[in-house]
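Survey of secondary and tertiary structure
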There are 2 protein chains.
Amino acid sequence: MTVELISVGTEILLGNIVNTNAAYLAEKIAALGLSCYHQSAVGDNEERLEDALRLALSRSDIVILSGGLGPTKDDLTKEVTAKVFGKKLVEDAHTKERIQAYFDRIHTKNKITSNNWKQALTPEGAVVVDNHNGTAPGLILKGENGKTAILLPGPPNEIKPMFERDIAPYLNRLQPEGIYSKMVKVCSVGESRAETMVADIMDAQTNPTLAPYAKTGEVHFRVTAKAKDEETANALMEPMVRELYARFGDKIYTTKEHVTLEEAIVELLKEKGMTVTTAESCTGGLLAGRIMNVAGASAVYQEGYITYSNRAKEKLLGVSEETLRTYGAVSAETAAQMAEGAAKAAEADAALAVTGIAGPGGGSSEKPVGLVYVGCFVKGRVRTEEFIFTGNREKNRDYAVVRALTVLREELICL
Amino acid sequence: MTVELISVGTEILLGNIVNTNAAYLAEKIAALGLSCYHQSAVGDNEERLEDALRLALSRSDIVILSGGLGPTKDDLTKEVTAKVFGKKLVEDAHTKERIQAYFDRIHTKNKITSNNWKQALTPEGAVVVDNHNGTAPGLILKGENGKTAILLPGPPNEIKPMFERDIAPYLNRLQPEGIYSKMVKVCSVGESRAETMVADIMDAQTNPTLAPYAKTGEVHFRVTAKAKDEETANALMEPMVRELYARFGDKIYTTKEHVTLEEAIVELLKEKGMTVTTAESCTGGLLAGRIMNVAGASAVYQEGYITYSNRAKEKLLGVSEETLRTYGAVSAETAAQMAEGAAKAAEADAALAVTGIAGPGGGSSEKPVGLVYVGCFVKGRVRTEEFIFTGNREKNRDYAVVRALTVLREELICL
C-alpha cells in the first residue's frame, strides 16, 4: 500500500515555515510499514491543488493532505477534495457542536465569526475525525475507485495528536500484516558515531529493520518488524533491541515511543525520591521550561533561578565575587558554584547550572560564541562539563539544554 | 518566471531528516521575486526522479534540484537530468582538479576512491558552479526549449553558500520585474477576527496582495507588490499598510520581516530605559527563555524566578500565605503579588508573572485545565488578566507565554 503526502499552504512555498509536518508524517508512515514515494507542496490555489491531488491519487493508494482546513477563505483543501471525489459539502451537526463547545470553553474576547462555521462543512460520506486541540476536524474520504484522501489540520499541535490517536490505527487496520516497532532512544553519543556503531546491523537488516533518526543531542533508533501479531513481532525485535543494549548500554534512556529525555529524568528523580533545581544564564529558563513540560514535574521541581547578571549569580546563588572576577561568568568554576548554590537555595538534592555564550555577540578568541559550561550538583558532588557548540543563538541554547539534561542523567544513573 | 523545487533523497521520504533546504530555497526564491508554485520530494529512484523532473519542466521555467550529487551509485540526479535534457556526461577537467585539491586539503589521510571521479562528470554544455565546501559542483543546464535545470548539492553547508554566491545573482539577472513585500505583524487579535477585519481588502486585492499567516497568539499579514523597482513597490504598498494601521492600530507591533514579538518588547524596554523580570509557575521558564532568545536581552533582563511551589512563591516573591490560602496559587490575586514581588526582588521596572493549570492534571470545575492568570507590574501599577486555553499542556504554556508578552506590550505602549 502506498501513501503520498501533499502539504497545502502558501507559507510553505514562500519558505515562511519549515515543513516539519511532512517529516513527521513520513516517519510515522514508514514506521507503519507503508511505502511513500512522493511528497509535494502546493499553495492555497484551487487549480494547482486539484492537479496535485489528482496526480497523487493516480499513483498512490492513500493521499494525506495537511493544511488548508482553517476558517478563512484561503483554506481550500476540503472544498477541492470534495470536488475531486464528486461529493457535496454538508454541515456536520456533531462538528458544529464541537466548534461551539470549543468557543464556549474559551470565554476570551474572541467571538465565533461566521467563517468559523465553514469548518463544520464536511464532504458527504466522509469519516469525521475529532480535533481535540482545535476547531478543524480531520476527514477520511474513500472514493469509488478504492483511493482514499485523508485531510488533516496544519498546526503541528493538532495534526500530531490526531494522527497518533486516530489516523495511525486506521492505517494499520488496512494492512494484511501488522507492523510493530520499538524506539530505542540514545543520548550521550554523537550521530555519526552512533550510526557507525550499528553499520553492520543496518547492512544485514531484513526483518526487523533498523532506522536511525538524528535529534538535537540524541539519536533514536527505530526497530521495525513485520509479523502476523504483536507477540511474533516482539520475538523478532527482541534480539536486535538486546544487541543495541549490548552496544549502547545505559546510554539508552528509553525504549518507549513517547518518553522524552526530560520525562526519563523526572522518572529517575521520582524513583530516587530526589528533587532538582536549575540555575540558568545563557539558556535563560529553557532548561527549566523543558523539565516542567513533563506533566507532574512539580513532584521533583519546586523552584529555579534565571541569573543573567553577575549580581544575580552572587545574590541568588552565592557565587563568589572572586570566582567571577578570576575565572569570569562563563567558566567551569562559576558553573560549579551556580549548581551548588542553586541546590542550597532551593533545598534541592540536585541542581543543573548553565552558563555560556549563546551568541551572536559576546564571544572572544579565548571564549568563543558557543562555549557553554554545565555544572551538575548531585548529593554533595559537583561535576562540570565544557561544550563548544557551532550553531546560531537558538541552536546553541537548545543543545546546551539537552547536554545539561544528559549530564544530570549520567550522574543520576551512577547513584 | 516560475521556479520549482525538487528535493532528491530517500531520507526525506522516510522522515529521517526535515527538509530545511526546501524552506531555505523557497524563502530565497520569493525574496528574488520569482514565483514558486510547486515543491516536491522524491527518493533516489531513477524512474520516479525522471517523471518528477519532466513534470516540473512541463509547468515551470526553472527547476532547482537539490541532493543526489554524491559519489555513490545511489546518487542519480545528474545522470537523470542529463538524460532528460538529451546530453552526454563528459569529464570536466576543472572539476577534476578541484576535487583533487579538496582531497589534498581536507582528507590528507583518505585516498580518493574511483567513485569520487563520478563527481567530475558533467552534462555537455552545463555551466559548472564551483563548490567551495565540498566535492560536488553545482550545475546549470539550459534546454533548447528555454527551460533550465539547476542542480545543487544536498548538505545545507554546501547548498547555502553556493546559492548565495552564484545562484541568486544568476536568477536575479533573469528578471524583468521584482516582487517586494512587507510583513505587518499583529498581536492581541484572534486569527478569524483579524481575517474578518480585512475581508474587504482581500476581496479587492490585485497589486499589492494581502495574505494572513496565523501564528501562536499572533497574526502576520504579508503585503506583496510587483513593480519595476523597490521605490515603486513601496508606493504601491504604502496605502495598504496605512489601512492596516487604521484598522489594527497599536496592535501592530512591527512591519519588519524578521522582528519577533519578544524583540519588539525588548526594543520598547530599551527605548524607555526599563528593565523587566519574570516570575513563572506553569510556564516554568519558557517566558524568560523567550525574552532571552533576543540577542542583547541582557540589557533589560538580569534575573528571574521559577516558582512552582507555594513556598517558593512566598520565599522568593513575598506572596502572602493568606493570599495563597484564600484565593489559591492559581488566582488573579496571586498573579498580582507574584508580579509585584518579582519586580521588587529583582529591582526591575517591570515584571510579568504567570500562574495557571497547564494540564493534563490539576484541573477542577472551578479552576479548569487551561486557566491561566497573568500579572503585569509596570512602574507601580499592577494589571491582571485571566485566560482559559484549550490546548494540551505544551500549547497552553505556549499561549500563556505569548499572552503574557502581549499584556506587557500593551502596558508599555500606554506609558
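Shown above is the structure to which this text applies.
To keep things clear, this report deals only with the structure shown in the data block. Since we're looking at a predicted model, the values are computed, not measured.

Okay, the interface of chain A and chain B next. Many analyses report the size of an interface as the accessible area lost when the parts associate. Taken together, the 77 residues of chain A in the interface contact 79 residues of chain B. For the pair chain A and chain B, the two sides together bury roughly 6,000 Å², of which 52% comes from carbon and sulfur. In this structure, the connection of chain A to chain B is made through five salt bridges. Where chain A touches chain B, the interface holds 31 residue pairs in polar contact (both at pLDDT 80 or more). The element best represented in the side of chain A that touches chain B is strand 2 (residues 35-42) of chain A, accounting for seven residues. Its residues assigned to classes, the side of chain A that touches chain B comprises 33 nonpolar, 29 polar and 15 charged.

A few words on the packing of helix 10 (residues 261-271) of chain A against helix 15 (residues 393-414) of chain A. All names here are of chain A. Relative to each other, helix 10 and helix 15 sit at 30°, their axes nearing to 10 Å. The orientation of helix 10 with respect to helix 15, classified from their angle, is roughly parallel. You can see that helix 10 and helix 15 cross each other, and the crossing is left-handed. Packed against helix 10, whose contacting residues are Leu261, Glu262, Ile265, Leu268 and Leu269, the element helix 15 presents Val402, Leu405, Thr406, Leu408, Arg409, Leu412 and Ile413 at the interface. Split by residue class, the contact of helix 10 with helix 15 holds nine nonpolar, one polar and two charged.

Our focus in this paragraph is the sheet that holds strand 2 (residues 35-42) of chain B. Whenever strands of a sheet pair, they do so through backbone hydrogen bonds, lying parallel or antiparallel. One open sheet holds the twelve strands; their spatial order is 6(A)-7(A)-8(A)-3(A)-1(A)-2(A)-2(B)-1(B)-3(B)-8(B)-7(B)-6(B), and the pairing between them is mixed. Whereas interior strands pair on both sides, the edge strands pair on one side only; in this sheet they are strand 6 (127-129) of chain A together with strand 6 (127-129) of chain B. On average, adjacent strands in this sheet sit at an angle of 15° to one another, irrespective of strand direction. Pairing analysis gives four bridges linking strand 7 (residues 138-142) of chain A to strand 8 (residues 148-152) of chain A, with the strands arranged antiparallel. Its bridge partner lying in strand 8 of chain A, A:Ile140 is registered against A:Ile150. Packed on one face of the sheet, helix 2 (residues 20-31) of chain B meets strand 1 (2-8), strand 2, strand 3 (62-66) and strand 8 (148-152) of chain B and runs near 170° to strand 1 of chain B. Across the face of the sheet, helix 6 (residues 156-173) of chain B comes into contact with strand 3, strand 6, strand 7 (138-142) and strand 8 of chain B while running at roughly 160° to strand 8 of chain B.

Our focus in this paragraph is the sheet that holds strand 11 (residues 218-227) of chain B. All names here are of chain B. With antiparallel pairing, the four strands of this open sheet are ordered in space as 10-11-9-12. Edge positions in the open sheet fall to strand 10 (209-215) and strand 12 (252-254), since each of these has one partner strand only. Mean inter-strand twist for the sheet, computed between neighbouring axes without regard to direction, equals 35°. Alignment of strand 10 against strand 11, held across seven bridges, turns out to be antiparallel. Of the residues in strand 11, the one forming a bridge with Pro212 is Phe221.

Residue and element names in this part refer to chain A. This model, assessed by the stated rule, comprises nine aromatic pairs over all chains. Relative to Phe248, the ring of Phe221 lies with its centre 5.4 Å away and its plane at 35°, an arrangement referred to as tilted. Placement of Phe221 in strand 11 (residues 218-227) and of Phe248 in helix 9 (residues 230-248) is noted, with a sequence separation of 27 residues between them. By relative accessible area, Phe221 is classed as buried at 0%. By way of ring pairs, the aromatic residues Phe387, Phe389 and Tyr399 are connected into one cluster.

Turning next to the environment of B:Ala346. Secondary-structure assignment places B:Ala346 in helix 14 (residues 332-346). Sequence separation between B:Ala346 and B:Lys379 is 33 residues; the distance between their C-alpha atoms is 13 Å.

So, about helix 5 (residues 93-105) of chain B. Residue and element names in this part refer to chain B. Its 13 residues place the ends of helix 5 18 Å apart at the C-alpha level, agreeing with the 18 Å of an ideal helix rising 1.5 Å per residue. Buried within helix 5 we find Thr95, Ile99, Tyr102 and Phe103. The arc enclosing the buried residues of helix 5, seen along the axis, measures out at 95°, which places them on a common side. In this structure, helix 5 carries Ala93, Glu97 and Arg105 as exposed residues pointing more than 90 degrees from its buried face. The elements touched by buried residues of helix 5 are strand 6.

All names here are of chain B. Inspection of the secondary structure assignment puts Ala225 in strand 11. Among the residues examined, Ala225 registers a relative accessible area of 1% and is labelled buried. Separated by 22 residues in the primary sequence, Ala225 and Asp203 have C-alpha atoms spaced 16 Å apart.

Criteria and cut-off values
- Residues numbered from 1 in each chain as written.
- Chains lettered and ligands numbered in written order.
- Predicted model: local features only at pLDDT ≥ 70, side-chain atom pairs only at ≥ 80, totals over all residues.
- Heavy atoms only, no water.
- Contact = heavy atoms within 4.5 Å.
- Buried area = accessible area lost by both parts, 1.4 Å probe.
- Salt bridge = Lys/Arg side-chain N within 4 Å of Asp/Glu carboxyl O.
- Polar contact = N/O pair within 3.5 Å; in protein donor to acceptor, adjacent residues only side chain to side chain.
- Helix = DSSP H or I, 4+ residues; strand = E, 2+ residues; numbered from the N terminus.
- Nonpolar A, V, L, I, M, F, W, Y, C, P; charged D, E, K, R; others polar.
- Axes fitted to C-alpha atoms, helices over the stretch in contact; angles between N-to-C directions.
- Parallel < 35°, antiparallel > 145°, perpendicular 65-115°, else oblique.
- Left-handed = near helix turned anticlockwise from the far one by under 90°.
- Pairing = 2+ DSSP bridges.
- Phe/Tyr/Trp six-rings, centres within 6.5 Å; stacked < 30°, edge-to-face > 60°.
- Buried < 20%, exposed > 50% of the residue type's maximum accessible area, 1.4 Å probe, protein only.
- Expected span 1.5 Å × (residues − 1).
- Arc of directions from axis to C-beta.

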